[in-house]
Amino acid sequence: MAELKGRRLVLGVTGGIAAYKAAELARRLVGDGAEVHAVLTSSAARFVTPVTFQALTGRLAWCDPWDARMPDNMAHIELSRAADAIVVAPASADFLARLAHGRADDLLAALCLARDCPLLVAPAMNRQMWQNPATRRNAEQLVADGVTLLGPAEGEQACGETGPGRMLEPQDIHDAVAGFFQPKVLAGRRVLLTAGPTFEALDAVRGLTNPSSGRMGFALARAARDAGARVTLVSGPVALAAPAGVARIDVVSAREMHAAVMQRVAQCDIFIGVAAVADYRPAAPLADKLKKDGRELQIALTPNPDILAEVAALARPPLCIGFAAESRGLEAYAEEKRRRKNLALVVGNLVRDGLGGENNTVILFDEQGRHPLGPAPKIEIARAIVARIGALLAGNGEG
Ligand code: C5P
């Protein structure tokens, strides 16, 4: 994955126990193609050393404003001038205070002051420090100054207490940084998605389902959120965490999914049916576990509601997007599905290319024709689909 390919980032690390997690963040940012310049405060360097970051980023890491290695002794300007963003993780209470007051009393603070790029900070501190009126004031001031706050999360803290102030996990900070750079083509839009498989009970313990992992739907939820949309995700049973900021509704069966969608569809502008919904369910599921008796067993199935078709047939439907996972004849089936279900866009993929895996290869079908995408990680495919939806909404779907 190279979501941050070519992005030049200054990674600021301040003094807090979460500094050890900044090393993992550096690794993820570099692994994703970013050019990372680490800058530590002197207290950060008590927790982790610049050498750690030098090894992980493959570049010099900075700490001392008087460091004689600086080519022209202008690092406080040079490092942030050429940056696409400064990301400070962890950002201590003290650092937020210094930032809010425009201090330039160490290299990192000076870089933040002498910048014209975005600044994202991931606060990390004891819950009482975070809840203190002084920190509240500083955080509000920073937001008013255009700084993006990432978190903090709530939970168990290194000091043994529980509450708000935990730094977001490195993966979440990585995802927020990647999302920050995405064009906001769905700003102000409300997106409703279905994802994952459904599970249709046969008896108390068994049921009909399929190998959909939910990854494509969750990637689309993330891509839509990053494009500025308010996202609601109705998910079948999957082992995935919802992206931060996405409202998640868990369901099991197709009928539950149908009910959850119908309840919310009037409040959305865009509906994306990604779920691999079971077309049929056992007609008479047993309350108890079915006992074997060695004889042949017939199971009567009854059709499930077609959620997407029903949404697209509403009097005032949202913009509808469907998926077509086919084992053969993809092009003909996908285009036929688009017309029959009255969809703006169909994402077609061959089952062997996508269902359950990390990557996907798809073809988008819309009014303008076909647009092949991939093979690529599902998040990249998702971002391209969102870009296409943005173009359709803007009325310039051609090209
Ligand atoms: O007709 P087919 O099931 O192949 O269409 C697939 C598309 O329709 C997917 O977008 C899927 O999420 C949606 N669908 C649905 N409800 C069903 C079956 C499919 O929303 N019962």
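Bear in mind the structure is a predicted one, so any value in this text is a computation, not a measurement.

K.L.:
Would you mind going over a nonpolar patch on the surface in detail, with residue names and values included?
P.N.:
On the surface, Leu208, Tyr280, Leu286, Leu290, Leu297, Ile299 and Leu301 cluster together into a nonpolar patch covering about 610 Å² of accessible area. The exposure class assigned to leucine 286 is partly exposed, which follows from its relative accessible area of 41%.

K.L.:
Go over the side chain of glutamate 200, please, and point to the residues and values.
P.N.:
As for its placement among the helices and strands, glutamate 200 is situated in strand β9 (residues 200–201). It turns out glutamate 200 is buried and unbridged, and the closest side chain with the opposite charge, arginine 281, is 5.6 Å from it. A distance of 2.8 Å separates a polar atom in the side chain of glutamate 200 from a polar atom in the side chain of threonine 198. Setting aside its immediate chain neighbours within four residues, glutamate 200 contacts Arg206, Gly207, Leu208, Ser253, Ala254, Ala278, Tyr280, Arg281, Pro282 and Asn304.

K.L.:
I'd like a description of the sheet that holds strand β17 (residues 345–350), backed by residues and values.
P.N.:
Pairing within the open sheet is mixed, and its eight strands lie in the order β12-β11-β8-β13-β16-β17-β18-β19. Each edge of the sheet is formed by a strand with only one pairing partner; in this case those strands are β12 (247–250) and β19 (369–377). Ignoring which end each strand starts from, the neighbouring axes of this sheet average 15° apart.

K.L.:
Could you give an account of the packing of helix α9 (residues 170–180) against helix α10 (residues 215–226), with specific residues and numbers?
P.N.:
Put simply, α9 and α10 touch, their axes get as near as 9 Å, and they point 55° apart. One element, α9, and the other, α10, form an angle in the oblique class. Note that α9 runs across α10; the crossing there is right-handed. Judged by residue contacts, Asp175, Ala178 and Gly179 of α9 engage Arg222, Arg225 and Asp226 from α10. Taken together, the residues of the contact of α9 with α10 break down into one nonpolar, one polar and four charged.

K.L.:
So what's going on with helix α5 (residues 93–100)? Which residues, and what values?
P.N.:
Burial of α5 is extensive: six of the eight residues sit out of reach of the surface. Among the residues making up α5, those that are buried are Ala93, Phe95, Leu96, Arg98, Leu99 and Ala100. Contacts made by the buried residues of α5 are with β3 (85–91), α6 (107–113), β4 (119–123), α7 (127–131) and α8 (133–144). Two residues or fewer past α5, glycine 102 is found with a positive phi of approximately 65°.

K.L.:
Tell me about the site of the ligand, residues and numbers included.
P.N.:
Around the ligand, the surrounding shell holds 13 residues, and the nearest of these are Gly273, Ala275, Pro305, Phe323 and Lys337. In this structure, an oxygen atom belonging to the ligand sits 3.0 Å away from a side-chain N or O atom of lysine 341. With the chains in place, 87% of the 450 Å² that the ligand exposes on its own is no longer accessible. Those elements that provide at least two residues to the shell around the ligand are α12 (307–312), β16 (319–326) and α13 (330–341).

K.L.:
Provide a residue-level description of the nonpolar core, including the pertinent values.
P.N.:
Residues Leu186, Val191, Leu193, Leu220, Ile272 and Ile385 are the most contacted members of the largest nonpolar core, which totals 34 residues. Filtering out sequence-adjacent residues up to four positions away, leucine 220 remains in contact with Leu193, Ile272, Val274, Phe323, Ala382, Ile385 and Val386. Counting residues in each nonpolar core, the second largest holds 33 residues, with Ala18, Leu25, Ala26 and Ala178 among its members.

K.L.:
If you had to explain the environment of alanine 97 to someone new, which residues and values would you point to?
P.N.:
For alanine 97, the location among the structural elements is in helix α5. Each C-alpha atom of the pair alanine 97 and alanine 139 lies 8.3 Å from the other, and the pair is 42 residues apart in sequence.

Conventions we followed
- Each residue is numbered by its place in its chain's sequence as written, counting from 1.
- Per-residue local features are limited, in this predicted model, to residues with pLDDT of at least 70; the limit for side-chain atom pairs, both in listing and counting, is 80 or more; totals at the level of whole chains, interfaces and linings are taken over all residues.
- Think of the side-chain values as coming from all heavy atoms in the structure, minus any hydrogens and water.
- Patches were defined on residues exceeding 30% relative accessible area and lacking a salt bridge, with like-charge contacts within 9 Å and nonpolar side-chain contacts (Val, Leu, Ile, Met, Phe, Trp, Tyr) within 5 Å.
- The accessible surface values rely on the Shrake-Rupley method and a 1.4 Å probe; as for residues, cover is taken only from the protein chains in view.
- What counts as a salt bridge is simple: a side-chain nitrogen of Lys or Arg found within 4 Å of a carboxyl oxygen of Asp or Glu.
- Partly exposed describes any residue whose relative accessible area lies between the buried limit of under 20% and the exposed limit of over 50%, with all areas from a 1.4 Å probe on protein chains only and scaled to the type maximum.
- Secondary structure counts use DSSP, requiring at least four H or I residues in a row for a helix and at least two E residues in a row for a strand, with both numbered from the N terminus.
- In this count, Lys and Arg are taken as positive residues and Asp and Glu as negative ones, while His and the chain termini are left out.
- Counted as a polar contact is a pair of N or O atoms within 3.5 Å, where, for protein atoms, one must be capable of donating a hydrogen and the other of accepting one, and residues adjacent in sequence contribute only when both atoms are in side chains.
- Note on contacts: a residue pair qualifies if any of its non-hydrogen atoms lie within 4.5 Å across the two residues.
- The pairing criterion is simple: DSSP has to find at least two bridges between the two strands.
- Interaxial angle, 0 to 180 degrees, is taken between N-to-C directions of lines fitted to C-alpha atoms, where a helix line uses only the stretch in contact.
- Here is the rule for angles: anything less than 35 degrees is roughly parallel, anything more than 145 is roughly antiparallel, 65 through 115 is roughly perpendicular, and the remaining ranges are oblique.
- In a left-handed crossing the near helix is turned counterclockwise from the far helix by less than a right angle, and in a right-handed crossing that turn is clockwise.
- Amino acids outside the nonpolar list (Ala, Val, Leu, Ile, Met, Phe, Trp, Tyr, Cys, Pro) and the charged list (Asp, Glu, Lys, Arg) are all regarded as polar, and Gly is one of them.
- In these notes, residues near a molecule or strand are those with any non-hydrogen atom within 4 Å of it.
- Buried Ala, Val, Leu, Ile, Met, Phe, Trp, Tyr and Cys residues that are joined via side-chain atoms within 4.5 Å together make up what is termed a nonpolar core.

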